[in-house]
Amino acid sequence: MTKPHSTLIFGVEDRPNVPTSIFTAFQHILASFIGVITPTLIVGGVLGLGDYVPYLVSMALIVSGIGTFIQARKFGPVGSGLLCLQGTSFGFLSVILSGGMIVKARGGSPEEILATLYGCCFLGAFIEIAVSRFIHKLKRIVTPVVTGTIITLMGLSLVKVAMTDMAGGFGASDLGSIENIGLAALVLGIIVVLNRFNLQFLRMSAIFIGLLVGFAVAAMMGKVNFAGLADFPLLAVPVPFKFGFSFDLAVFIPIGLIFLITALETTGDLTANSMLSKLPVSGPEYIKRIRAGVLADGINSGIAATFNSLPMTTFSQNNGVIQLTGVASRYVAYYMAAILVLLGLFPAVGAMLQLLPKPVLGGATVVMFGTVAAAGVKILAESKLGRRDMLIFAVSIGLGMGVAGVPAAFSGFPEIIRNIFGSPVTIGAFSAIILSLVLPPEEPSIEEVAEAASPTTSAPATQQAALSSS
């Protein structure tokens, strides 16, 4: 058990009992399930993959379970040893769609589209694997202002998705109706109220209870349709490179560039996870954890491509679950992995979770995504930002949220540029990195020099640069 004054109920190395572990694992899965399968559903619909979509959804769940286990279990230098769920990355969605369209425009069949996409993703994963070996040397890049900015942008960009779900979901005929907002508000209110109780059971089960009550109310309102369950196959069997293996340079280049950014996104996610788990966010232990986590991310993306799924990343929304439940035990991830694999093997079981109405899901995810953004702000606030860092943050946040508000801002640019800079996180990360490299370090003020020289004053560890101590 952790110290009594800690906000955690179970630390990273604590072992909750089986019922608690399963209960917490389900909360993580409920928070991430839609995120794991949605990119696949979007790609399948846009590229016209038809009957392959149910199989691809199953593969996404299975490789998510495998990746989650690898990341938490640690195999030598692979795996961060944190409670973090690996899932299909939204960051690759635009480049995957554009790459698929390139193959489709040449008359490629669904099988050829998938063979090219998975082939390019498999090779692109080695870029992230390579970056993981020297990411700890990027002292001027992986700093609190960069990681804090990226985490903040992740949370803020996800809030839009959550708010859309609260209103009924993208393209819903009753978008913004009183019923949808009321249902989402019910779930949100339950989570907030239960999370403020001192009883550990209520705090750990706040998300689950909120979603369960919301689902029950939605069913009584006629917003749950069970008819689609019959369309799912009984069993899905993973087959390596089921659709073949192909390569296209025009498809590969933007995918490879996104893999570079993914390494930094993962660094931000793992930093936030470490902070919420009460682990150091500076020093050798932190560096080793980040390197191992990014390496696992790359290997998991290679495994995903092998078993016919899109690239993987560490999900940021699960950091919100840790914050709300107070459970950071990596052993919970073992249960998460097993459940995800089972859901993938038996698609009808996973289909039950797909029935969760969007307003119910949005009511839960809006507070989780907001928590992610708050974690980024906390990193920035504890870093004593000077004028230089404030400028980096301001420009990066401005560009990131600007693209989020005006998606067509780069519509006149070549397709590769649109793919890279059309994402709030991508353009914000590029901005923060470039400015960190080109702007000269700020000279310390007279007050800071005097404070540093004082024998009675010592700066807290949280004010140190995340990797500058290496």
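These numbers were taken from a predicted model, which means no experiment stands behind them.

**Re the overall build of the protein chain**
And then number 1: Within the protein chain, the secondary structure is distributed over 18 helices and 2 strands.
And then number 2: Taken over 470 residues, the protein chain has a buried fraction of 54%.
And then number 3: A separation of at least 24 residues holds for 83% of the contacts in the protein chain among residues at least 6 apart in sequence.
And then number 4: Of the roughly 19200 Å² of accessible surface on the protein chain, 69% is carried by carbon and sulfur atoms.

**Section: helix α14 (residues 358-381)**
And then number 1: For α14, with 24 residues, the first-to-last C-alpha span of 34 Å sits near the 34 Å given by 1.5 Å per residue.
And then number 2: The largest bend in α14 amounts to roughly 30 degrees and is located at Thr 365.
And then number 3: Most of α14 is tucked away: 17 of the 24 residues are buried.

**Looking at the environment of Ile 253**
And then number 1: Relative to the helices and strands, Ile 253 resides in helix α9 (residues 249-276).
And then number 2: When its relative accessible area of 35% is taken as the criterion, Ile 253 is described as partly exposed.
And then number 3: Along the backbone, Ile 253 and Val 95 are 158 residues apart, and their C-alpha atoms lie at a distance of 9.4 Å.

**What to know about the nonpolar core**
And then number 1: Judged by nonpolar contacts, the single largest core of 107 residues is most densely connected at Val 43, Ile 96, Leu 211, Ile 255 and Met 368.
And then number 2: Ranked by residues supplied to this core, first place goes to α9 with 10 residues.
And then number 3: Discounting residues that sit within four places of it in the chain, Ile 255 has contacts with Phe 92, Val 95, Ile 96, Cys 120 and Cys 121.
And then number 4: One finds Ile 151, Ala 272, Met 275 and Ala 375 within the second-largest nonpolar core, a separate group that totals 6 residues.

**What to know about the environment of Val 281**
And then number 1: Residue position: Val 281 is located in the loop between α9 and α10 (284-306).
And then number 2: Judged by its relative accessible area of 23%, Val 281 falls in the partly exposed class.
And then number 3: Separated by 10 residues in sequence, Val 281 and Thr 271 have C-alpha atoms that sit 6.3 Å apart.

**Section: the packing of helix α5 (residues 144-167) against α9**
And then number 1: Where α5 contacts α9, the two axes come as close as 9 Å, and the packing angle between them is 90 degrees. With respect to each other, α5 and α9 are oriented roughly perpendicular. On α9, the residues touching Thr 147, Ile 150, Ile 151 and Met 154 of α5 are Leu 264, Glu 265, Thr 267, Gly 268, Asp 269 and Ala 272.

**Brief notes about the packing of aromatic side chains**
And then number 1: The final tally for this structure, using the stated rule, is 12 aromatic pairs.
And then number 2: Both rings, one in Phe 69 and one in Tyr 334, keep their centres 5.3 Å apart while their planes meet at 55 degrees; by these two values the pair is tilted. Separated by 265 residues along the polypeptide, Phe 69 in helix α2 (residues 53-73) and Tyr 334 in helix α12 (residues 332-345) bring together distant segments of the chain.
And then number 3: Under the relative-accessibility criterion, Phe 69 is labelled partly exposed at 30%.
And then number 4: Taking the centre distance of 6.0 Å and the plane angle of 80 degrees together, the rings of Phe 122 and Phe 245 count as edge-to-face.

The rules behind these values
- Residues numbered from 1 in each chain as written.
- Predicted model: local features only at pLDDT ≥ 70, side-chain atom pairs only at ≥ 80, totals over all residues.
- Heavy atoms only, no water.
- Helix = DSSP H or I, 4+ residues; strand = E, 2+ residues; numbered from the N terminus.
- Buried < 20%, exposed > 50% of the residue type's maximum accessible area, 1.4 Å probe, protein only.
- Contact = heavy atoms within 4.5 Å.
- Areas by Shrake-Rupley, 256 points an atom, 1.4 Å probe, with all protein chains shown as cover.
- Expected span 1.5 Å × (residues − 1).
- Bend = angle between axes of the 7 residues up to and from the residue.
- Core = buried A, V, L, I, M, F, W, Y, C linked by side-chain atoms within 4.5 Å.
- Axes fitted to C-alpha atoms, helices over the stretch in contact; angles between N-to-C directions.
- Parallel < 35°, antiparallel > 145°, perpendicular 65-115°, else oblique.
- Phe/Tyr/Trp six-rings, centres within 6.5 Å; stacked < 30°, edge-to-face > 60°.

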